[in-house]
Amino acid sequence: MTAPEMDGEAVRDRALASLTRARARTTLLTSCVEEPDLVAQHSPLMSPLVWDLAHIGNQEELWLLRAVGGREAIRPEIDSLYDAFEHPRAERPTLPLLPPDEARRYAAEVRGRALDLLESAAFRGSRLTESGFAFGMIAQHEQQHDETMLITHQLRTGPRALTAPDPAPAPPFDGPAEVLVPGGPFTMGTSTEPWALDNERPAHRREVAPFHIDTAPVTNAAYQAFIEDGGYTDERWWAPAGWAHIRRHGISAPLFWHRDGIQWLRRHFGVTEVVPPDEPVLHVCWYEADAYARWAGRRLPTEAEWEKAARHDPVQDRSTRYPWGDADPAPDHANLGQRHLRPAPAGSYPAGASPLGVRQLIGDVWEWTASDFLPYPGFTAFPYKEYSEVFFGSDHKVLRGGSFAVDPVACRGTFRNWDYPIRRQIFSGFRTARSGAV
């Protein structure tokens, strides 16, 4: 699998489009609420929105203006304030952060200079500049923080601040509940995708035994059956640490859900609604996903299984960039880019299905896998070890596929996300698997 070849002008155009799209989204997410909401910390798990705004600008200055362009620092005194590793999220509201208007001016000044740099960039001479990698990295970084800010919008109390059309209605999916993925080797990861991040590299061969995987993510209706069957009160289904966690915190349903009589309601971006039965379940942690899978007599897929289901074309015996092939995502392929503020019904987007017929592997909900976040054979940290290397180990579980909140620039068949197994504020769901060819 190789990404489409691009000359210098094509790289420039792609970088400009990606940076522009990211900044438009950042502006939307930080202009739809008043200043008190920008400077408040809506959850100890999240930064104030104004921190994200200036951090986006600071990272762009560090990597594009200083590292690529060799320019003098604009605001060197704020570097430590917006260093994510120096100050944990719970501490950030106590810092002397730039106020909203100043943060906007700073980010705008950095962007203006970065676009000037882009006009004359050579896209060669170093790994950082080859194929516009640094510009792609910054576009992905901003979009990742846009998703983080969207999570903050979900966590904030008060009336709705964001609107978007719902996904188009889809006929009920009546295809097979699961798909057989044949055993054998496949190519996992990438060595050729120009904007792939270090943890996606290098491409390597993996052997995977035959397995079945759900055709679509697990739905709210299916998850409700787990709840109604006493899933949260039966220790049999839970990993010991997960059982201890849900008992300690009194967890009995996905985050933002509550029961009103005989029906389940949820709070969704400032609106209380009946839980949609046909949407993929959202806001569940790894322990909840694992418990459901055990209850259903199944398991979570490994990361390698997930990627083989998403990328391997058994007819051509090759790995593609996306389930549907090598073409960049189009609106009929997947629910991406905050076009909608919710997942599409399970079984949607037939044009985005894999060669074997697995649907919604990209977009809608991040999917928990059974795997710890570990480096691939031959991994090399680049351009800094804090992006991936410091997170490797058994503390973090891998999520795959992206969500409705992920932009296409930060989502592909090789993209890896990770988080603690207790995290529920993220736009996470899952699908299940089982071993064997029968």
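Scroll up for the structure.
As the structure is a prediction and not an experimental result, all values here were calculated from the model.

**Regarding the overall build of the chain**
Here is step 1 of the chain: The helix and strand tally for the chain stands at nine helices and 14 strands.
Here is step 2 of the chain: Its C-alpha atoms give the chain a radius of gyration of 21 Å, within 12% of the compact-globule value 22 Å for 438 residues.
Here is step 3 of the chain: In terms of overall dimensions, the chain has a C-alpha envelope of 60 × 50 × 40 Å along the principal axes.
Here is step 4 of the chain: The buried share among the 438 residues of the chain stands at 57%.
Here is step 5 of the chain: Of the accessible surface of the chain, which amounts to about 17400 Å², a share of 54% is contributed by carbon and sulfur atoms.

**Some remarks on the environment of Ile251**
Here is step 1 of the chain: Within the secondary structure layout, Ile251 lies in the loop between helix H7 (240-249) and strand E5 (257-260).
Here is step 2 of the chain: Using a relative accessible area of 12% as the deciding quantity, one classes Ile251 as buried.
Here is step 3 of the chain: Linking Ile251 and Tyr232, residues 19 residues apart in sequence, is a C-alpha distance of 7.7 Å.
Here is step 4 of the chain: Other than its neighbours up to four places away in sequence, Ile251 contacts Tyr232, His245, Ile246, Glu288 and Arg424.

**What to know about the nonpolar core**
Here is step 1 of the chain: One finds Phe135, Leu150, Tyr223, Trp238 and Phe430 to be the most contacted residues of the largest nonpolar core, which totals 115 residues.
Here is step 2 of the chain: Top contributing element to this core by residue count: helix H5 (residues 133-155), with ten residues.
Here is step 3 of the chain: Leaving out residues up to four positions away in the same chain, Leu150 has contacts with Arg25, Leu29, Leu162, Phe269, Gln338, Leu341, Phe404, Ala405 and Phe427.

**Examining unusual backbone geometry**
Leave glycine aside and you will find that most residues have negative phi; peptide bonds, for their part, are mostly trans.
Here is step 1 of the chain: A cis amide bond, omega -10°, links Arg201 with the succeeding residue Pro202.
Here is step 2 of the chain: Note on placement: Pro202 falls in the loop between strand E2 (184-188) and strand E3 (204-208).
Here is step 3 of the chain: For the bond from Phe382 to Pro383, the omega torsion is -5°, close enough to zero to count as cis.
Here is step 4 of the chain: Mapped onto the secondary structure, Pro383 falls in the loop between strand E10 (366-373) and strand E11 (393-400).
Here is step 5 of the chain: Despite not being glycine, Phe123 has its phi angle at roughly 60°, a positive value.
Here is step 6 of the chain: For Phe123, the position within the fold is in the loop between helix H4 (100-120) and H5.
Here is step 7 of the chain: A residue is classified by how much of its surface remains accessible, and Phe123, at 8% relative accessible area, is buried.
Here is step 8 of the chain: Located in the positive-phi region is Gln338, a residue other than glycine, with phi close to 60°.

**Focus: the packing of aromatic side chains**
Here is step 1 of the chain: Under the defined criterion, the tally for this structure stands at 28 aromatic pairs.
Here is step 2 of the chain: Centre to centre, the rings of Trp63 and Tyr384 are 5.4 Å apart; their planes meet at 25°, and the pair counts as stacked. Of this pair, Trp63 sits in helix H3 (residues 49-68) while Tyr384 sits in the loop between E10 and E11, and the two are 321 residues apart along the sequence.
Here is step 3 of the chain: For Trp63, a relative accessible area of 17% corresponds to the buried category.
Here is step 4 of the chain: You can call Tyr384 partly exposed: its relative accessible area is 22%.
Here is step 5 of the chain: Aromatic pair Phe404 and Phe427: ring centres 4.8 Å apart, planes at 55°, arrangement tilted. Residue Phe404 is located in the loop between E11 and strand E12 (417-419), and its partner Phe427 is located in the loop between E12 and strand E13 (428-429); the two are separated by 23 residues in the primary sequence.

**Regarding H7**
Here is step 1 of the chain: Looking at H7, one finds that the buried residues are Gly242, Trp243, His245 and Ile246. When H7 is viewed along its axis, its buried side chains cluster within an angular range of 165° and face the same direction. Pointing more than 90 degrees away from the buried face of H7 are the exposed residues Pro240, Arg247 and Arg248.
Here is step 2 of the chain: The positive-phi residue at the C-terminal boundary of H7 is Gly250, with phi of around 65°.

**Let's talk about empty space enclosed by the protein**
Here is step 1 of the chain: A full pass over the atoms with the stated rule returns three cavities of 30 Å³ or more.
Here is step 2 of the chain: As a volume, the largest cavity reaches approximately 100 Å³.
Here is step 3 of the chain: Forming the walls of the largest cavity are Gln59, Trp63, Met137, Ile138, Gln140, His141, Gln144, Leu197, Phe382, Pro383, Tyr384 and Tyr387.
Here is step 4 of the chain: Of all the secondary-structure elements, those providing two or more residues to the lining of the largest cavity are H3 and H5.

**Topic: the pairing of strand E6 (residues 263-268)**
Here is step 1 of the chain: Summarising the sheet, E5 and E6 pair through four bridges and their orientation is antiparallel. Pairing of Trp257 across the sheet is with Arg266, part of E6.
Here is step 2 of the chain: Hairpin connection, E5 to E6: the antiparallel pair is bridged by two residues, and Gly261 has positive phi, about 70°.
Here is step 3 of the chain: Alignment of E6 against strand E7 (residues 271-274), held across four bridges, turns out to be antiparallel. The residue of E7 that forms the bridge with Arg266 is Glu273.
Here is step 4 of the chain: Where E6 folds back onto E7 in an antiparallel hairpin, the turn is made up of two residues, including Phe269, whose phi is positive at roughly 50°.

**Focus: the pattern of salt bridges**
Here is step 1 of the chain: Following the criterion strictly, the structure yields 37 salt bridges and no others.
Here is step 2 of the chain: Between Arg66 and Asp79 there is a salt bridge, with the nearest N and O atoms lying 2.8 Å from each other. With a gap of 13 residues between them, Arg66 in helix H3 and Asp79 in the loop between H3 and H4 connect regions that are remote in the sequence.
Here is step 3 of the chain: One salt bridge connects Arg412 with Glu200, and the closest N-O pair in it is separated by 2.8 Å.

**Points about the layout of surface pockets**
Here is step 1 of the chain: In this model, the largest pocket occupies a volume close to 1400 Å³.
Here is step 2 of the chain: The wall of the largest pocket is formed by 45 residues, among which Ala84, Arg89, His145, Phe391 and Trp418 lie closest to the centre.
Here is step 3 of the chain: Listing elements by their share of the lining of the largest pocket, those giving two or more residues are H3, H5 and E12.
Here is step 4 of the chain: Looking at which element gives the most residues to the lining of the largest pocket, the answer is H5, with seven residues.
Here is step 5 of the chain: Classifying every residue of the lining of the largest pocket gives 23 nonpolar, eleven polar and eleven charged.

Reading the values: rules and limits
Every chain begins its residue count from 1, and numbering advances along the sequence as written. Two thresholds apply to this predicted model, a pLDDT of at least 70 for residue-level local features and 80 or more for giving and counting side-chain atom pairs, whereas whole-chain, interface and lining totals are computed over all residues. Hydrogens are left out, water is left out, and the side-chain values use all remaining heavy atoms of the structure. Only runs of H or I of at least four residues qualify as helices and only runs of E of at least two qualify as strands under DSSP, and these elements are numbered from the N terminus. Just to be clear, the radius of gyration here is over C-alpha atoms, and the globule rule we use is 2.2 Å times residues to the power 0.38. The classification of residues rests on relative accessible area computed with a 1.4 Å probe and restricted to protein chains. Under 20% of the type maximum is buried, over 50% is exposed, and intermediate values are partly exposed. Surface exposure here means Shrake-Rupley accessible area, sampled with a 1.4 Å probe, where a residue is shielded only by the protein chains that are shown. The contact rule is simple, with two residues in contact once any of their heavy atoms fall within 4.5 Å. Throughout, nonpolar core names a set of buried Ala, Val, Leu, Ile, Met, Phe, Trp, Tyr and Cys residues whose side chains join them through atoms within 4.5 Å. The pairing test for Phe, Tyr and Trp rings, Trp by its six-membered ring, is centres within 6.5 Å, and the orientation test on the planes gives stacked under 30 degrees, edge-to-face over 60, and tilted for anything in between. Note that the arc is defined by the directions from the helix axis to the C-beta atoms. Grid points spaced at 1 Å over the protein atoms alone were grouped into cavities, where a 1.4 Å probe fits but cannot get out, and pockets, open sets with protein on both sides within 12 Å along at least five of seven lines, with lining residues defined by an atom within 4 Å of a point. Grid points are joined across faces, edges and corners, and a volume is the space filled by probe spheres set on the points. Pairing between strands is defined by DSSP: at least two bridges between them are needed. In what follows, salt bridge is the name for a side-chain nitrogen of Lys or Arg lying within 4 Å of a carboxyl oxygen of Asp or Glu. For this scheme, ten residues count as nonpolar: Ala, Val, Leu, Ile, Met, Phe, Trp, Tyr, Cys and Pro. Four count as charged, namely Asp, Glu, Lys and Arg, and the remainder, Gly too, count as polar.

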